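# Commentary on secondary and tertiary structure
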Amino acid sequence: MERSDVDRGDSGSSSPNLDGVPGSPGMHRNPSPPPSEGEESAEGDAIGNTVYSKHWLFSTLTRLIQVVSDQEGGSGAGDSEAQLDLDEEVESEICKVWDMSMDQDVARFLQEFKAADILLGVIGKSRSPRLTEICVGVLGNIACFPETCQSISGNDDLGEVLLLLLGDSDPPTLLETSRLLLTCLSQPSVAPCWVERIRQQKSVCENLCFVMSSSTNVDLLVKVGEVVDKLFDLDEELMRSWIGEGRGSPAPSPGHPTADGEPANDTPALGIAPCVLEAAKQLRSDSPDGLEVYMHILQLLTTVDEGIQAIVLSVEVGEEAWSLLCDVVCSDLCQPDDPPIVIHEQKTLLATILAVLSAMFVCQAQHDYSKMDKNLPLIGSLIRVLQYLGECQQREMERREPGSEGEADDNHLKILKDTCCEFLANILTELPKDTVSELVQRGYLSEETCSTAVQSLLSLYSTATRHFLAVLSEVDEKLAEGLLKDFPSLRP
């Protein structure tokens, strides 16, 4: 699929079709203006401990309501779905509200003022992508604080509309909507209600898959990936259901017609695994942090049978995943001339990728793409990782002062080592004589690298180590004898 900024074909609307959403304030009327409070004294006009003016905020929100009223009243019969530009002065004023809403006192005041209902009504009537983006952005800022997040999350109408906004065609609006969802999902007190909403709204999976498979917007891809990663981490059953939902090409979002103007409800959605891979390829060179997010999604998929099968049962998907992950390991993270510090800096990403490759290898080792005679550089990279890990751990021990914090770092390095050893042990168990011979000829197996491999594997993977040594003795007796000298416990 050719990638572009989010483009959903025939729909020209910047907002989802909200007509007919039951019970949604503002869907069939303009939002109500704020109640009249009378003129307050200058001393009582400040919001909390800030210098922001209550009166100014009232006036701006009232003006915001008037803007969408004018948009609706000024549209002709033939252009009711046309997008409108936002007046620069109005944009400047409501952007100030967006900035102000990062302050907790302002967020609390907006909650008391029921600004969420006002913004919901504005979003429902808005024909300006910029206006919709800003309104969602304000809600995203308000949601950063537990008390106000609880209030927003308890608004079912708002929750429904925000999930529908994931079908929007405007990347900035999608970005702010994703940021808001991630903020809510990251707060344990409200995360369950959002997970349940997402379970019930089937279009969420379709729309997020569409973004992952087609967008070129790096920030949007990263944020959408974080949302999916958080969802899968929170709810395994939701992940299982999403794995099983898509098998074909992406469907239009709810309310979006096909080229002939008819609904396309029977178009199957794109599977989650291919979409994750598409996003990972897009982010590989542009965002290492984003790539790490998508690699973690893949790792989560491999923790359930449905997920690993979704990756490996399709030869096309499996080969694409294997090729991408191997290339990232061998070309991006583990070059022969890289200093050991590179492994240390990329330990989390590397451990995640190796875990996915290891799961794929165990599940479908017979596939042509995973045969080791085609993956000699990968074996060399795994041994190099073990070499560098030894150096990294030694340096950490030498420079660390007694009582200093280093346990978390040690744990990450240990996870990487354990993952690498398990993967290498599985590979060595399957290595045929011809492949070992080629590894020796091409320099991947030498006295130093063989010693590193045996030393790392012997205690936990003695069977794999002995098998490797037996094959090696048929290929290079001198090299094998040197290992037996260094590790006498391997002698029969």
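Presented here is an overview of the structure given in this document. Just so you know, these numbers come straight off a predicted model, no measurement behind them. (Residues numbered from 1 in each chain as written. Predicted model: local features only at pLDDT ≥ 70, side-chain atom pairs only at ≥ 80, totals over all residues. Heavy atoms only, no water.)

### A word on the overall build of the protein chain
Inclusion rule: To qualify as a helix, a DSSP run of H or I must reach at least 4 residues; to qualify as a strand, a run of E must reach at least 2; elements of each kind are numbered from the N terminus. Think of it in three bands: residues with accessible area under 20% of the maximum for their type are buried, residues over 50% are exposed, and the middle band is partly exposed, with areas taken using a 1.4 Å probe on protein chains only. Every residue pair with non-hydrogen atoms within 4.5 Å of one another is taken to be in contact. Accessible surface area values rest on a Shrake-Rupley calculation with a 1.4 Å probe, where residue burial reflects the displayed protein chains alone.
A tally of helices and strands in the protein chain yields 24 helices and 0 strands. Across the 492 residues that make up the protein chain, the buried fraction comes to 52%. Considering only intrachain contacts with a sequence separation of at least 6, the fraction spanning at least 24 residues in the protein chain is 78%. Working note: accessible area of the protein chain is about 22,300 Å², and carbon and sulfur atoms make up 47% of it.

### What to know about helix α8 (residues 171-185)
Counted only if it meets this: What a helix is expected to span follows from its residue count: subtract one and scale by 1.5 Å.
With 15 residues, α8 extends 21 Å between its outermost C-alpha atoms, agreeing within 8% with the 21 Å of an ideal straight helix rising 1.5 Å per residue. Buried residues dominate α8, accounting for 12 of its 15 residues. Listed as buried for α8 are P171, T173, L174, E176, T177, S178, L180, L181, L182, T183, C184 and L185.

### A few points about the packing of aromatic side chains
Test applied: For Phe, Tyr and Trp, where Trp contributes only its six-membered ring, two rings pair if their centres lie within 6.5 Å, and the inter-plane angle classes them as stacked under 30 degrees, edge-to-face over 60, or tilted in between. Sitting over a ring, as applied to charges here, requires NZ of Lys or CZ of Arg to be within 6 Å of the ring centre and within 35 degrees of the ring normal.
Under the defined criterion, the tally for this structure stands at 6 aromatic pairs. On the basis of an interplanar angle of 40° and a centroid distance of 5.9 Å, the ring pair of F58 and F109 is categorised as tilted. With F58 in helix α1 (residues 54-74) and F109 in helix α3 (residues 104-112), this residue pair connects regions lying 51 residues apart in the sequence. Note on accessibility: F58 and F109 belong to one class, buried. Between F361 and F423 the ring centres are 6.1 Å apart and the planes differ by 65°, which places this aromatic pair in the edge-to-face class. A residue pair is termed long-range when its members are at least 10 positions apart, and F361 in helix α18 (residues 347-363) and F423 in helix α20 (residues 407-430) qualify at 62 residues. F423 matches F361 in its accessibility class, with the two residues each being buried. Feature note: the residues F58, F109 and F113 constitute an aromatic cluster, connected by ring pairs. The ring of W194 carries R197 above its face, with NZ or CZ at 4.6 Å from the centroid.

### Description of a negative patch on the surface
Note the cut-off: Residues enter patches when their relative accessible area tops 30% and they take part in no salt bridge; the joining distance is 9 Å for like charges and 5 Å for the nonpolar side chains Val, Leu, Ile, Met, Phe, Trp and Tyr. Salt bridges are identified by distance alone: a Lys or Arg side-chain nitrogen within 4 Å of an Asp or Glu carboxyl oxygen. The charged-residue count follows a simple rule in which Lys and Arg add positive charge and Asp and Glu add negative charge, with His and chain termini not counted at all. Charged side chains are reduced to one point each, which is NZ for Lys, CZ for Arg, CG for Asp and CD for Glu.
A contiguous patch of negative charge, built from E391, E447, E448 and D486, is present on the exposed surface. Mapped onto the secondary structure, E448 falls in helix α22 (residues 447-457).

### Focus: the environment of A321
Position of A321 relative to the elements: it lies in helix α16 (residues 315-333). When the C-alpha positions of A321 and E278 are compared, they lie 9.7 Å apart, and in sequence the two are 43 residues distant. With sequence-adjacent residues up to four places away left out, A321 is seen in contact with L277, I311 and M360.

### A short note on the state of the cysteines
Basically, it comes down to this: Counting rule for disulfides: a pair of cysteine sulfur atoms within 2.5 Å.
Applying the stated criterion to the full structure yields 0 disulfides. Cysteine C144 shares no disulfide, and the gap to the nearest cysteine sulfur, in C149, comes to 8.3 Å. Residue C184 stays outside any disulfide, its sulfur separated by 3.8 Å from that of C149, the closest cysteine.

### As for the nonpolar core
Side chains of nonpolar character tend, in soluble globular proteins, to be buried together. Counted only if it meets this: Put simply, a nonpolar core is a bunch of buried Ala, Val, Leu, Ile, Met, Phe, Trp, Tyr and Cys residues held in one set by side-chain atoms that sit within 4.5 Å of each other.
In terms of nonpolar packing, the biggest core is built from 154 residues, with M212, F232, W242, Y294, W322 and L357 touching the most fellow members. The greatest single-element share of this core, amounting to 10 residues, is contributed by α16. Among residues more than four places away in sequence, those in contact with W242 are I198, V204, C205, L208, V228, L231, F232 and I272.

### Thoughts on the side chain of T452
The topology assignment puts T452 in helix α22. Setting aside anything within four residues of it in sequence, one finds T452 in contact with I383, L386 and Q387.

### Some details on unusual backbone geometry
Located in the positive-phi region is K114, a residue other than glycine, with phi close to 60°. Position of K114 among the secondary structure elements: in the loop between α3 and α4 (115-125). On the basis of relative accessibility, which here comes to 55%, the residue K114 falls in the exposed class.

### Examining the packing of helix α11 (residues 218-234) against helix α13 (residues 272-283)
For clarity, the threshold we go by: Axis definition: a line fitted to C-alpha atoms, limited for helices to the stretch in contact. Angles are taken between N-to-C directions and run from 0 to 180 degrees. Any angle that is under 35 degrees is reported as roughly parallel, and any over 145 degrees as roughly antiparallel; angles of 65 to 115 degrees are reported as roughly perpendicular and all others as oblique. Take the far helix as the reference: if the near one is turned anticlockwise from it by less than a right angle, the crossing is left-handed, and if turned clockwise, right-handed. Any residue that is not Ala, Val, Leu, Ile, Met, Phe, Trp, Tyr, Cys, Pro, Asp, Glu, Lys or Arg is counted as polar, Gly included; the first ten are nonpolar and the last four charged.
For the pair α11 and α13, the least separation of the axes is 11 Å and the interaxial angle reads 140°. With respect to α13, the axis of α11 lies oblique. Crossing angle aside, the handedness with which α11 passes α13 is left-handed. Along its contact with α11, which presents V218, L221, V222 and F232, the element α13 presents I272, A279, Q282 and L283. Along the lines of polarity and charge, the residues of the contact of α11 with α13 split into 7 nonpolar, 1 polar and no charged.

All quantities given are derived from atomic positions and should not be read as evidence of function.
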